[in-house]
Amino acid sequence: MASISIRGMTKRFGPTTAIEGIDLDIQNGEFFVLLGPSGAGKTTTLRLIAGLERPDAGQIFMDGQDISGHFPAARDCAFVFQQYSLYPHLSVYDNIAFPLRSPMRKTPEAKVRERVHEVASLLHIESKLERKATALSGGEMQRVAIGRALVRSPKVFLMDEPLSSLDARLREELRVELRSIQKRTGSTVIYVTHDQVEATTMADRIGILEKGKVQQVGTPMEIYEQP
Ligand code: ADP
Ligand code: ADP
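Sequence order as written defines the numbering, with residues in each chain counted from 1. To label them, take the chains in the order written and letter them from A, then take the ligands in the order written and number them from 1. This being a predicted model, a pLDDT of at least 70 is required before a residue's local features are given, and a value of 80 or more before pairs of side-chain atoms are given or counted; all residues contribute to the totals for chains, interfaces and linings. Excluding hydrogens and water, the side-chain values take into account all heavy atoms of the structure.

For the protein, the name recorded in an unreviewed UniProt entry is Multiple sugar transport system ATP-binding protein, with Hydrogenophaga palleronii as its organism.

Written out as structure tokens, the structure is:
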């Protein structure tokens, strides 16, 4: 859990200004949706927060501390992408356990087992733990990818269109589950989508991004149900 504040952040790629002087405040425990059309700068914003890109100007604060100069690993963000980036040769169990077994963490195996089972239970994939990642359906693979992000209880979850490769029924099911997991764990989530339905059904607040600028921030009610 953490709050994120962005001040005057700008990012250029050669002649393209992907993000232009944006300010954003995301509260601790909030489900914040960044909504906007393709090319608006949503992915770039997530990558800047994660430390995968460096801003050309501006600062990022986590819980009030300036993390602009920190390496990605020191930011304690977990990323879930549209394409499940699982390790295909590993089992579901080992995929989820992977972040806990990094040389830097050295989590005891008993603790690993406990966390993997907790997360698998939250995501209803306990019966799949022994399977190879390649033997899963698309929806199951995305559950594993979400599980791998959840397992080390990061301060902030960054999700980039995590459901957009799934069919409509699965998308709806996972939307509801993701919301309920987020409420139960109290995590701060920044969720990128171009889908207005997804944004209004999931968000505590929505930030509308267009052409690299924040156009509007508010609750779904404030944005879509004004008189
Ligand atoms: P969105 O996620 O809203 O679709 P992006 O953040 O991916 O938008 O991209 C915003 C703009 O920045 C686009 O014009 C895109 O082509 C450009 N862009 C993003 N990443 C790069 C990059 N690594 N190199 C060059 N241009 C990039
Ligand atoms: P999305 O629309 O979901 O943001 P994109 O297909 O635009 O995804 O971008 C995927 C990746 O490619 C991102 O990491 C982005 O930074 C990079 N990218 C986007 N546009 C460009 C570009 N014009 N040149 C190089 N890399 C780019």
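Asker: I'd love a proper account of the site of ligand 1, names of residues and values included.
Answerer: Neighbouring residues of ligand 1: Phe 13, Thr 16, Ala 18, Pro 37, Ser 38, Gly 39, Ala 40, Gly 41, Lys 42, Thr 43 and Thr 44. The contact in question runs from an oxygen atom of ligand 1 to an N or O atom on the backbone of Gly 39, over 2.7 Å. Two N or O atoms count as a polar contact when they lie within 3.5 Å, although within protein this holds only if one can serve as hydrogen donor and the other as acceptor, and sequence-adjacent residues are included solely when both atoms are side-chain atoms. At a separation of 2.9 Å, an oxygen atom of ligand 1 approaches a polar backbone atom of Gly 41. Every accessible area reported is derived by Shrake-Rupley at a probe size of 1.4 Å, with residue values counting cover from the shown protein chains alone. For ligand 1, whose unbound accessible area comes to 560 Å², protein coverage reaches 59%. Where the shell around ligand 1 is concerned, the elements lending two or more residues are strand 2 (16-26) and helix 1 (42-50). Each residue is tested against the molecule or strand, and it is near if at least one of its non-hydrogen atoms lies within 4 Å. Where helices and strands are cited, they refer to DSSP runs of H or I of at least four residues and of E of at least two residues respectively, numbered from the N terminus.

Asker: An account of helix 4 (residues 138-150) is needed here, citing residue identities and associated values.
Answerer: Relative to the 18 Å expected for 13 residues at 1.5 Å per residue, helix 4 spans 18 Å between its end C-alpha atoms, a close match to the ideal helical length. Among the 13 residues in helix 4, 12 count as buried, and that is most of the element. Note on exposure labels: buried denotes an accessible area under 20% of the residue type's maximum, exposed denotes more than 50%, and partly exposed covers the range between, all computed with a 1.4 Å probe on protein chains only. Of all the positions in helix 4, only Gly 139, Glu 140, Met 141, Gln 142, Arg 143, Val 144, Ala 145, Ile 146, Gly 147, Arg 148, Ala 149 and Leu 150 are classed as buried. Whether two residues touch is decided by their heavy atoms; if any such pair falls within 4.5 Å, the residues are in contact. Next to the buried residues of helix 4 lie strand 6 (77-80), helix 2 (92-97), helix 3 (109-122), strand 7 (156-160) and helix 5 (168-185). Take the number of residues in a helix, subtract one, and multiply by 1.5 Å to get its expected span.

Asker: If you had to explain the site of ligand 2 to someone new, which residues and values would you point to?
Answerer: If you check the shell around ligand 2, you find Ser 38, Thr 43 and Arg 47 and nothing else. Considered on its own, ligand 2 offers 550 Å² of accessible surface; in the complex 28% of this is hidden by protein.

Asker: I'd like a rundown of the environment of Ile 223, residues and numbers included.
Answerer: Locating Ile 223 in the fold gives a position in helix 7 (residues 220-224). Taking the C-alpha atoms as reference points, Ile 223 and Thr 188, separated by 35 residues in sequence, lie 21 Å from one another. Residue contacts for Ile 223: discarding those within four places in its chain leaves Ile 206, Ile 208, Gln 216, Val 217 and Gly 218.

Asker: Give me unusual backbone geometry: which residues, what numbers.
Answerer: With a phi angle near 60°, Asp 76 is a residue other than glycine that sits in the positive phi range. Of note, Asp 76 is situated in the loop between strand 5 (65-66) and strand 6. With a relative accessible area of 25%, Asp 76 lands in the partly exposed category. With phi around 50°, Lys 211 is a residue other than glycine that occupies positive phi space. With respect to the secondary-structure elements, Lys 211 resides in the loop between strand 9 (205-210) and strand 10 (213-218).

Asker: Please provide a residue-by-residue account of the packing of helix 4 against helix 5, values included.
Answerer: Between helix 4 and helix 5, the shortest axis-to-axis distance is 11 Å and the interhelical angle comes to 15°. Between helix 4 and helix 5, the crossing angle belongs to the class labelled roughly parallel. Our pair here, helix 4 against helix 5, has a crossing hand that is right-handed. Here helix 4 contributes Gly 139, Arg 143, Ile 146 and Leu 150 to the contact with helix 5, which in turn contributes Leu 170, Glu 173, Leu 174, Glu 177, Leu 178 and Ile 181. Each axis is a line fitted through C-alpha atoms, and for a helix only the stretch in contact is used; angles between axes span 0 to 180 degrees, taken between their N-to-C directions. Small angles under 35 degrees read as roughly parallel and large ones over 145 as roughly antiparallel, with 65 to 115 read as roughly perpendicular and the rest as oblique. Left-handed describes a crossing whose near helix is turned anticlockwise from the far helix through less than a right angle; right-handed describes the clockwise counterpart.

Asker: Lay out the sheet that holds strand 2 in plain terms, naming residues and giving numbers.
Answerer: In a beta sheet, neighbouring strands pair by backbone hydrogen bonds and run either parallel or antiparallel. Strand order in the open sheet made by the 4 strands is 2-1-4-5, with antiparallel pairing throughout. The open sheet terminates on both sides in strands that have one partner only, identified here as strand 2 and strand 5. Against the sheet, helix 1 engages strand 1 (4-13), strand 2 and strand 4 (57-62), with an angle of about 115° to strand 1. Two strands qualify as a pair provided that DSSP identifies no fewer than 2 bridges between them.

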